[in-house]
Amino acid sequence: MVETTTRGETLLFLTDEQLRKGIEAMFFAYRGFTADPDRILADLSYGRAHHRALHFINRNQGTTVNNLLKLLGVTKQSLNRVLRSLIEDGLVESRIGLKDKRERHLYLTEKGAELERQLSEAQRARMRAAYRAAGPQAVAGFRQVLEAMMDDKIRAQYLSLMDANS
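What counts as what
- Residues numbered from 1 in each chain as written.
- Predicted model: local features only at pLDDT ≥ 70, side-chain atom pairs only at ≥ 80, totals over all residues.
- Heavy atoms only, no water.
- Helix = DSSP H or I, 4+ residues; strand = E, 2+ residues; numbered from the N terminus.
- Buried < 20%, exposed > 50% of the residue type's maximum accessible area, 1.4 Å probe, protein only.
- Contact = heavy atoms within 4.5 Å.
- Areas by Shrake-Rupley, 256 points an atom, 1.4 Å probe, with all protein chains shown as cover.
- Patch = residues over 30% accessible without salt bridge, like charges linked within 9 Å, V, L, I, M, F, W, Y side chains within 5 Å.
- Salt bridge = Lys/Arg side-chain N within 4 Å of Asp/Glu carboxyl O.

**A short note on the overall build of the chain**
For the chain, the helix and strand inventory stands at seven helices and three strands. Beginning at the N terminus, the succession of helices and strands in the chain can be written as α-α-β-α-α-β-β-α-α-α. Taken along its principal axes, the extent of the C-alpha atoms in the chain is 60 × 35 × 30 Å. Relative to its full complement of 166 residues, the chain shows a buried share of 26%. Of the contacts made within the chain by residues no fewer than 6 positions apart, 47% connect residues no fewer than 24 positions apart. As displayed, the chain has an accessible area near 11,800 Å², and 56% of this comes from carbon and sulfur atoms.

**Structural notes on a nonpolar patch on the surface**
On the surface, Ile23, Phe27 and Phe28 cluster together into a nonpolar patch covering about 360 Å² of accessible area. Structurally, the position occupied by phenylalanine 28 is in helix H1 (residues 16–43). A relative accessible area of 53% places phenylalanine 28 in the exposed class.

Shown next as structure tokens:
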């Protein structure tokens, strides 16, 4: 049995045109998803890399620089540039590890937590509205699609993060 959408498009046998429409929808949705945080970040001369660092430090206070590197999938040089500005501006605090003095553990300061809240609330509001409009089945399906698009290694990392923060 082939499951279909409300528009009659089959889910198992998508045409190139249907896939193109999905790709374009993803591009435009991402643009909308990042628009509000981008405006907030621009006023501070920050970019999306700063936002992602703040997000994941907030999700895992005390995370190490190496762990953040793995989560973000960026180069050490790129992350160092981002962290340097966040630390200098008083948004992130870097503490030497208690067990291993070579490790640097990252924490949001009160100022960093406030910025992260502003950025996340803008995205939560957009996601909340979209989820309400789409309904619970669409939300579950959307998450399945996103997880299916992840490479195995990235999906394992994502699921590990979800388990750790459940």
